[in-house]
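Chain and residue survey
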Amino acid sequence: MVAPEARMAEAPVHRYAATAHLLRLMKVLYFLSGFSASSFGRFATLFYLDSGLDAHRIGIVEGAQPIVALLGNQLFGLLSDSLQRKKAVALVARAVSTALLLALPMPHWVGLPRATFPYILAIMVAMAFFAVGGGVLDAYTLDLLGDERRGEYGRDRLLLAV
């Protein structure tokens, strides 16, 4: 049987190891988030054009996304703060956003012969609403770093731009 003093002495080392593991996970999530955003953005316009959208409608789709994302980020930020479950909220929102992105080229799932403007707009607006990873990941990363290591935040988040 281990004395309570020995267990208490081991706790900070174990907690630091768990934090280091979670920070590595945050770096991977930042990298994947940046990669997915930059790779999809390059091909989205080609998909829109191939689906028959003109420049005006593409502008509507692209312009609606930041407005809806602003609302979604605020709501999911409040939700994650009130539940104290930042990681869970970010992962669920990211999973829904990914599922929506996968549904974009599959209009036959909802009985449409091809991707129409209303279908594309609905999918992209809903995807923007659930694409909350950045703000929630930032808050979670800052919580993990704590006050003493907050200066490392920029280096970790830099992986979003790689």
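The secondary structure content of the protein amounts to 6 helices and 0 strands. Beginning at the N terminus, the succession of helices and strands in the protein can be written as α-α-α-α-α-α. When the 162 residues of the protein are sorted by exposure, 30% land in the buried category. At a minimum sequence separation of 6, the contacts of the protein that also span at least 24 residues come to 70%.

Here the focus is the nonpolar core. Counting residues in each nonpolar core, the largest one holds 15 residues, and the members touching the most others are Tyr 48, Leu 53, Val 61, Tyr 119, Ile 120, Ile 123 and Met 124. For this core, the elements supplying multiple residues, two or more each, are helix 1 (4-50), helix 2 (55-83), helix 3 (86-103) and helix 4 (117-130). It is helix 4 that contributes the most residues to this core, 6 residues altogether. Among all residues touching Tyr 119, those that are not within four sequence positions of it are Ala 103, Leu 104, Met 106, Pro 107, Val 110 and Leu 112. Grouped together as the second largest cluster of nonpolar side chains are 8 residues, Leu 23, Met 26, Tyr 30 and Leu 144 included.

Once that is clear, we can look at helix 2. Over its 29 residues, helix 2 runs 42 Å from end to end, which matches the ideal 42 Å to within 8%, given 1.5 Å per residue. Turning to helix 2, its buried residues number three or more, namely Ile 58, Val 61, Ala 64, Gln 65, Val 68, Ala 69, Gly 72, Phe 76 and Ser 80. Residue Gln 84 follows helix 2 closely and has a positive phi angle near 55 degrees.

Below, the discussion takes up a nonpolar patch on the surface. A cluster of nonpolar side chains, Val 28, Phe 31, Leu 32 and Phe 35, forms an exposed patch at the surface whose accessible area comes to about 360 Å². Considering the arrangement of structural elements, one finds Leu 32 in helix 1. Looking at Leu 32, the relative accessible area reads 46%, which means it is partly exposed.

This next bit is on the packing of helix 2 against helix 3. Running from N to C, helix 2 and helix 3 point in directions that differ by 145 degrees, and their axes come no closer than 8 Å. For helix 2 against helix 3, the interelement crossing comes out right-handed. Counted together, Phe 76, Leu 79, Ser 80, Asp 81 and Leu 83 of helix 2 and Lys 86, Val 89 and Ala 93 of helix 3 form the full contact between these two elements. Tallied by class, the residues present in the contact of helix 2 with helix 3 amount to 5 nonpolar, 1 polar and 2 charged.

Our focus in this paragraph is the packing of aromatic side chains. Aromatic ring pairs are defined here through the distance separating the ring centres and the angle between the ring planes. Counted by the stated rule, this structure contains 4 aromatic pairs. Seen from their ring centres, Phe 76 and Phe 130 are 5.5 Å apart, and the 50 degrees between their planes marks the pair as tilted. Here Phe 76 is found in helix 2, whereas its partner Phe 130 is found in helix 4, with 54 residues between them in sequence. The rings of Phe 76, Phe 129 and Phe 130 are connected pair by pair, giving a single aromatic cluster.

Moving on to the confidence of the model for the protein. Summary statistics for the protein give a mean pLDDT of 79 and a share of 83% for residues scoring 70 or more. In the predicted structure, residues 4-14 sits below a pLDDT of 50 and forms 1 contact with residues beyond four places in sequence or in another chain.

A separate point is the environment of Thr 45. With respect to the element layout, Thr 45 can be found in helix 1. With a relative accessible area of 34%, Thr 45 lands in the partly exposed category. Expressed as a C-alpha distance, the spacing of Thr 45 and Ala 55, which sit 10 residues apart in the sequence, is 9.3 Å.

All right, on to helix 4 then. Between its first and last C-alpha atoms helix 4 spans 20 Å; for 14 residues at 1.5 Å apiece the expected length is 20 Å, and the two agree. Every buried residue belonging to helix 4 is among Phe 117, Tyr 119, Ile 120, Ile 123, Met 124, Met 127 and Ala 128, and all of these are buried. Down the axis of helix 4, the smallest arc covering the buried residues is 165 degrees, so these residues share one side.

Cut-offs used in this document
Residues numbered from 1 in each chain as written. Predicted model: local features only at pLDDT ≥ 70, side-chain atom pairs only at ≥ 80, totals over all residues. Heavy atoms only, no water. Helix = DSSP H or I, 4+ residues; strand = E, 2+ residues; numbered from the N terminus. Buried < 20%, exposed > 50% of the residue type's maximum accessible area, 1.4 Å probe, protein only. Contact = heavy atoms within 4.5 Å. Core = buried A, V, L, I, M, F, W, Y, C linked by side-chain atoms within 4.5 Å. Expected span 1.5 Å × (residues − 1). Patch = residues over 30% accessible without salt bridge, like charges linked within 9 Å, V, L, I, M, F, W, Y side chains within 5 Å. Areas by Shrake-Rupley, 256 points an atom, 1.4 Å probe, with all protein chains shown as cover. Salt bridge = Lys/Arg side-chain N within 4 Å of Asp/Glu carboxyl O. Axes fitted to C-alpha atoms, helices over the stretch in contact; angles between N-to-C directions. Left-handed = near helix turned anticlockwise from the far one by under 90°. Nonpolar A, V, L, I, M, F, W, Y, C, P; charged D, E, K, R; others polar. Phe/Tyr/Trp six-rings, centres within 6.5 Å; stacked < 30°, edge-to-face > 60°. pLDDT = per-residue confidence, 0-100. Arc of directions from axis to C-beta.

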